[in-house]
Amino acid sequence: MRFAISNGPVLADGRMLDGRAVVIADGRIEAIVPVADLDAAIDTVDLAGAMLVPGLIDVQVNGGGGALFNDDPSVETLRRIAAAHHRFGTTALMPTLISDSIPKIREAVQAVDAAIAAGVPGIAGIHIEGPFLNVDRKGTHDPKAIRKLDDEGFAAITGLRRGRTLVTLAPEVTDEKRIGQLRQCGVVVSAGHTDATFAQMERAFAAGVTGVTHLFNAMSQITPREPGVVGAALADPQCWCGIIVDGFHVDPVALRLAIKAKGGLDRFLLVSDAMPPVGHDRKEFELNGETIFASGGVCRRADGTLAGADLEMASAVRNASALLDLTIDDAIRLATRNPARFIGLEAEMGSIAPGLRANLAALDEEGRVRRTWIDGRMVFGDAR
C-alpha cells in the first residue's frame, strides 16, 4: 500500500517542516516531499493541521488497558497492553516484567517472542526489571523474588530470539563478568534498584552497563563524600538516563539540574513506568498481593509508597515540555530518537526519514494524540 500524509507540520531532521508530505509505501517511509510535488493521484491522509511526529517509544511498560504483564505473560496480554498505549502515540514498547521467578521470566520471554512472531503491533522486545536487584532498594518489588544472577537466571534472560532485551539489575550484587556476558549476548544492561557506590558504577560501566533505570528513584543519591549511582550516571557522558516525568517521581527542579549537569538532552529518555490503569477506567489493581491505588495521575500502595505510574508517553512528552522548560520538539526527541538509540533501533525507528518504518503519530496543538500508525497501518484514530 502506498499513500501520503499531509496538511500539517512534520517533525523531521530535528525541526518542524511546513508544506511537506510524507509518502508511505509498504510500511516504510518512502520520501518527504514538498506538497506541491506530491502526485495528484496518490491517496492522501489529511492531518487537518495536526503535527506529524515519529511514533513514541517506551522502554518501561508494566501494563495498560487493565492488564499487568506479570499477572499473565501471554500474547493476549501483550496485545491488550499494546493496544492501550497505541491511543497515546506509542508505536514501540518494551513490556516490562517486574521481579518474579525464573519460570515466570521464561514464560514472559516466550510470550514476547510469540507476540513478535505473530505480528502484534508495537512489541519491540522485553524489559526484565529484576529480580537481580538490591533488596535495600527494592521499592515495590517483591523481596522474596530478589536473587543473585546465576546460570539459570542468565539463561532465562538471554532467551529472546526476536526483538531487543533490556535488563535492569543492581551492579553491586552482580558479577562484572556476568554483565560483560550479557552485553556479548546483545542484552542492553541498565542499573536500577541499586545501592552501588560511585566506584562500583564506574566498574559496571566498564563491564557493559549503558544506562540507569528511572534516574533518582530506587538508587543511591549524591552525598558530599559519595556521589552514588546518581552522581555516576550524571558524570559518565555515555550513560543513558531514563526519567519518569509525572511530577511525582522526581521534582522537576532535580531533573532540570540533571540535564544541566549532563550538558544537555542527548542521553536522556522518557519512560512511563506504566501500570494497568493506563488506558482503562479501573484505577486500582493488585501487585504482590497488595492493592495499588491510582489517583490524580499517580499509583501508590496504601502506605503511600510509589508503585509505578499512571502515565503514558503522550502525557510524558507534554509534562517534559511544561515542567522541564523544553520545546515540544526536544520533548518529543526524548520519547523517539533517544530511546531508539538506547536500545539500538535507530536504524529502524525514532525519526521520520526515508527508509525507516512508518511508525508515526499525529498530535494536535495541545500535544494530544489524534492518530497513530505502526508500519503504515493506522492503529488508533478516525481514518487510515
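Structure: above.
As a starting point, this report considers the structure included with it. (Residues numbered from 1 in each chain as written. Predicted model: local features only at pLDDT ≥ 70, side-chain atom pairs only at ≥ 80, totals over all residues. Heavy atoms only, no water.)

## With respect to the pattern of salt bridges
Now for step 1: As enumerated under the stated definition, the model contains 20 salt bridges in all.
Now for step 2: With a closest N to O distance of 2.6 Å, Asp150 and Arg147 form a salt bridge.
Now for step 3: Between Asp303 and Arg301 there is a salt bridge, with the nearest N and O atoms lying 3.0 Å from each other.
Now for step 4: Overall, Arg301 belongs to the buried group, its relative accessible area being 18%.
Now for step 5: By sharing partners, the salt bridges in this structure join Arg106, Arg147, Asp150 and Glu152 into a single network. (Salt bridge = Lys/Arg side-chain N within 4 Å of Asp/Glu carboxyl O. Buried < 20%, exposed > 50% of the residue type's maximum accessible area, 1.4 Å probe, protein only.)

## Some thoughts on helix H2 (residues 102–117)
Now for step 1: Between its first and last C-alpha atoms H2 spans 23 Å; for 16 residues at 1.5 Å apiece the expected length is 22 Å, and the two agree.
Now for step 2: Residues of H2 that are buried: Ile102, Lys104, Ile105, Ala108, Val109, Ala111, Val112, Asp113 and Ala115.
Now for step 3: Directly after H2, the chain includes Gly119, whose backbone phi takes a positive value near 80°. (Helix = DSSP H or I, 4+ residues; strand = E, 2+ residues; numbered from the N terminus. Expected span 1.5 Å × (residues − 1).)

## A closer look at empty space enclosed by the protein
Now for step 1: What the rule picks out here adds up to 1 cavity of 30 Å³ or more.
Now for step 2: In this structure, the largest cavity encloses a volume near 60 Å³.
Now for step 3: What lines the largest cavity is Val59, Gln60, His127, Leu166, Ser190, Val212, Thr213, Gly242, Leu269, Val271 and Phe342.
Now for step 4: Looking at the lining of the largest cavity residue by residue, the classes come out as 6 nonpolar, 5 polar and no charged. (1 Å grid on protein atoms, 1.4 Å probe; cavity = no way out; pocket = protein on both sides within 12 Å on 5 of 7 lines; lining within 4 Å. Points joined across faces, edges and corners; volume = space filled by probe spheres on them. Nonpolar A, V, L, I, M, F, W, Y, C, P; charged D, E, K, R; others polar.)

## Comments concerning unusual backbone geometry
Now for step 1: For the bond from Gly130 to Pro131, the omega torsion is 15°, close enough to zero to count as cis.
Now for step 2: For Pro131, the location among the structural elements is in the loop between strand S12 (125–129) and helix H3 (151–157).
Now for step 3: Look at Asn7: it is not a glycine, yet its phi comes out positive at around 75°.
Now for step 4: The topology assignment puts Asn7 in the loop between strand S1 (2–6) and strand S2 (10–12).
Now for step 5: The phi dihedral of Asp325 is positive, around 60°, even though this residue is not glycine.
Now for step 6: Its place among the elements puts Asp325 in the loop between helix H8 (313–323) and helix H9 (328–333).

## Remarks on the sheet that holds strand S6 (residues 44–46)
Now for step 1: On the basis of which strands lie adjacent, the open sheet formed by 4 strands has the order S5-S4-S1-S6 and mixed pairing. Where the open sheet ends on each side, the last strands, each with one partner, are strand S5 (28–34) and S6. If you compare each strand with its neighbour and ignore which way they point, the axes differ by 25° on average.
Now for step 2: Bridge count for S1 against strand S4 (residues 20–25) is 4 bridges, and the pairing is antiparallel. When the sheet's bridge partners are listed, Arg2 is paired in S4 with Ala25. (Pairing = 2+ DSSP bridges. Axes fitted to C-alpha atoms, helices over the stretch in contact; angles between N-to-C directions.)

## Here's the deal with the sheet that holds strand S8 (residues 56–61)
The pairing of strands in a sheet happens through backbone hydrogen bonds and is either parallel or antiparallel.
Now for step 1: Judged by pairing direction, the sheet is parallel, and its 8 strands sit side by side in the order S8-S11-S12-S13-S14-S15-S16-S17 without closing on themselves. With partners counted over all chains shown, the strands left at the sheet margins are S8 and strand S17 (268–270), one partner each. Strand-to-strand twist in this sheet, taken as the mean axis angle between neighbours without regard to direction, amounts to 25°.
Now for step 2: As judged from the 3 bridges shared by strand S16 (residues 240–243) and S17, these two strands associate in the parallel manner. The residue of S17 that forms the bridge with Gly242 is Leu269.
Now for step 3: Most of the contacts of helix H4 (residues 176–184) go to strand S14 (residues 188–191), to which it runs at about 140°, and overall it touches strand S13 (164–169), S14 and strand S15 (209–212). (Contact = heavy atoms within 4.5 Å.)

## Looking at the pairing of S16
Now for step 1: Both faces of S16 are covered, namely the face carrying Trp240 and Gly242 and the face carrying Cys241 and Ile243.
Now for step 2: Where S15 lies against S16, 2 bridges are found, and the strand directions are parallel. Counted as the bridge partner of Gly211 is Trp240 from S16.
Now for step 3: For the handedness criterion, the β-α-β arrangement of S15, helix H6 (residues 228–235) and S16 is classed as right-handed.
Now for step 4: The parallel pair S16 and S17, bridged by helix H7 (residues 252–262), forms a crossover whose chirality is right-handed. (Right-handed = clockwise from strand over helix to strand, strands pointing away.)

As far as function goes, none of this settles anything; it's purely spatial.
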